[in-house]
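Topology and contacts: notes
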Amino acid sequence: MVQANNSQIFGAFLETVPASEEYLTLNFSPSSAPRKRRWSNYGLSADFLGDYFAAFFPGDTLPNSQINRRNTVKASVSYIANELIENAVKYSDEALSLPISITLFLYELEIIFQITNYSNLETGADYQTFVQTILNSEPSEFYMQQLEKTATGSGGSSMGLLTMINDYSAQFGWRFQTSHHHPDVVQVTVMAHLEV
Amino acid sequence: MDIKPVEIKTDDYSVWYEPESSTAFFQGFLRLDGMVEYQPIMDLLLSAVEQSSRFNVNLKELEFLNSSGISMLSMFVVRVRDRGNTQLVLQGSEKVLWQTKSLKNLQRLMPSLTLEFSS
């Protein structure tokens with residue numbers, strides 16, 4: 001029997017990423033350990049991804065920067081991977097006991113990040129609404145609006161995505177997918193393109 | 001009397017306040033889980049800023065700050081902005097990427113904020 005899927009795609013999402021010679025995947029098992037105990041492992045993993053991919057780049061200088069190419073890749077990858085993992089953990093429904101998976105693909109001109117987590121329907125729907133709001137806004141204006149909201153304590157946290165888009169010029173795509181097998185679960189896949 | 005700590009120190013990061021120079025120093029890697037976890041640092045900053053009309057936040061040795069930390073800094077900036085009587089200076093480094101990317105946005109929240117970058 002063919003599994004019927006319902007999938008909704010937004011932004012710069014590629015169903016099939018181009019073949020890449022260099023890629024690396026980390027899977028985080030669902031865990032019963034308290035989030036507080038697991039949290040620092042996510043940061044370590046993001047730093048590892050930064051170090052791993054930076055090693056493919058030379059340490060030449062970049063225009064208008066005191067940080068060389070290798071260290072720029074290292075810090076950007078580490079920031080973006082950390083924010084993507086933090087979001088995936090926050091939006092995962094722990095009761096589902098499903099893993100989070102992140103893959104980075106290296107190309108000549110960009111690194112593609114792809115991260116998957118499983119959310120409950122309500123969280124998935126809220127996230128989808130927020131994605132549509134982002135896509136219909138002017139990035140820098142929306143960023144300042146949200147920062148002011150966050151700073152005055154009247155907004156939720158959404159600064160992770162907005163800093164990646166606004167400060168690191170990452171291009172984002174999203175896929176929200178449900179299957180008849182698991183009607184209460186949304187598979188959320190986020191894709192980020194970082195120019196290198 | 002309610003005595004607030006002037007130093008928070010862990011394996012990953014340190015935050016402390018030096019009254020002589022009216023400066024709060026940040027060092028290391030800060031990626032706490034959401035705003036709630038940042039509250040002790042926020043409390044340290046708010047209690048320190050009470051004591052001075054010019055207040056420096058030295059971030060030069062803070063190698064990593066996650067977006068929740070950036071949100072915490074933005075909250076602090078707005079609190080100082082709304083008090084209206086403190087000259088706030090953020091000291092950053094041209095050698096730390098997140099600072100070159102994200103600190104300028106805090107200035108947009110408070111135009112009188114001074115950003116000092118050193119190499």
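The following paragraphs examine the structure supplied in this document. All of these numbers come straight from a predicted model, not from anything done at the bench. (Residues numbered from 1 in each chain as written. Chains lettered and ligands numbered in written order. Predicted model: local features only at pLDDT ≥ 70, side-chain atom pairs only at ≥ 80, totals over all residues.)

This part covers helix α1 (residues 35-54) of chain A. In an α-helix, one full turn covers 3.6 residues, which means residues spaced three or four apart are oriented alike. Look at α1(A): 29 Å from first C-alpha to last across 20 residues, which is about the 28 Å you get at 1.5 Å a residue. Buried within α1(A) we find A:Tyr42, A:Gly43, A:Ala46, A:Asp47, A:Leu49, A:Gly50, A:Phe53 and A:Ala54. The buried residues of α1(A) occupy one face: seen down the axis, they fall within an arc of 155 degrees. Exposed residues pointing more than 90 degrees away from the buried face of α1(A) are listed as A:Arg37 and A:Leu44. Check the buried side of α1(A) and you find it contacts α2 (69-91), β3 (100-106) and β4 (110-120) of chain A together with β3 (23-30) of chain B. (Helix = DSSP H or I, 4+ residues; strand = E, 2+ residues; numbered from the N terminus. Expected span 1.5 Å × (residues − 1). Buried ≥ 20, exposed ≤ 12 C-beta atoms within 10 Å, placed from the backbone. Arc of directions from axis to C-beta. Contact = placed C-beta atoms within 7 Å.)

So, about the nonpolar core. Residue and element names in this part refer to chain A. Core analysis: the biggest nonpolar cluster contains 73 residues, and Val 77, Ile 80, Ala 81, Leu 84, Ile 111, Phe 113 and Ala 192 have the highest contact counts within it. Of all the elements, α2 adds the most residues to this core, at nine residues. Residues in contact with Ile 111, not counting those within four places in the same chain, are Phe 53, Val 77, Leu 104, Phe 105, Leu 106, Leu 194 and Val 196. (Core = buried A, V, L, I, M, F, W, Y, C linked by C-beta atoms within 7 Å.)

On to helix α1 (residues 34-49) of chain B. Residue and element names in this part refer to chain B. Helix length check: α1 (16 residues) gives 23 Å between terminal C-alpha atoms against 22 Å at 1.5 Å per residue, within 8%. Its maximal kink placed at Pro 40, α1 deviates by approximately 45 degrees. Among the residues of α1, Tyr 38, Ile 41, Leu 45, Ala 48 and Val 49 are the ones counted as buried. (Bend = angle between axes of the 7 residues up to and from the residue.)

Turning next to the sheet that holds strand β2 (residues 13-18) of chain B. Residue and element names in this part refer to chain B. One open sheet accounts for six strands, arranged β1-β2-β3-β4-β5-β6; its pairing is mixed. With one partner strand each, in any of the chains shown, β1 (7-9) and β6 (114-118) form the two edges of the open sheet. For this sheet, the mean angle separating the axes of adjacent strands, direction not counted, is 15 degrees. Here five bridges tie strand β5 (residues 87-93) to β6, and the two strands are oriented parallel to one another. Its bridge partner lying in β6, Gly 92 is registered against Phe 117. Across the sheet, α1 touches β1, β2, β3 and β4 (54-65), and the angle it forms with β2 is around 15 degrees. (Pairing = 2+ DSSP bridges. Axes fitted to C-alpha atoms, helices over the stretch in contact; angles between N-to-C directions.)

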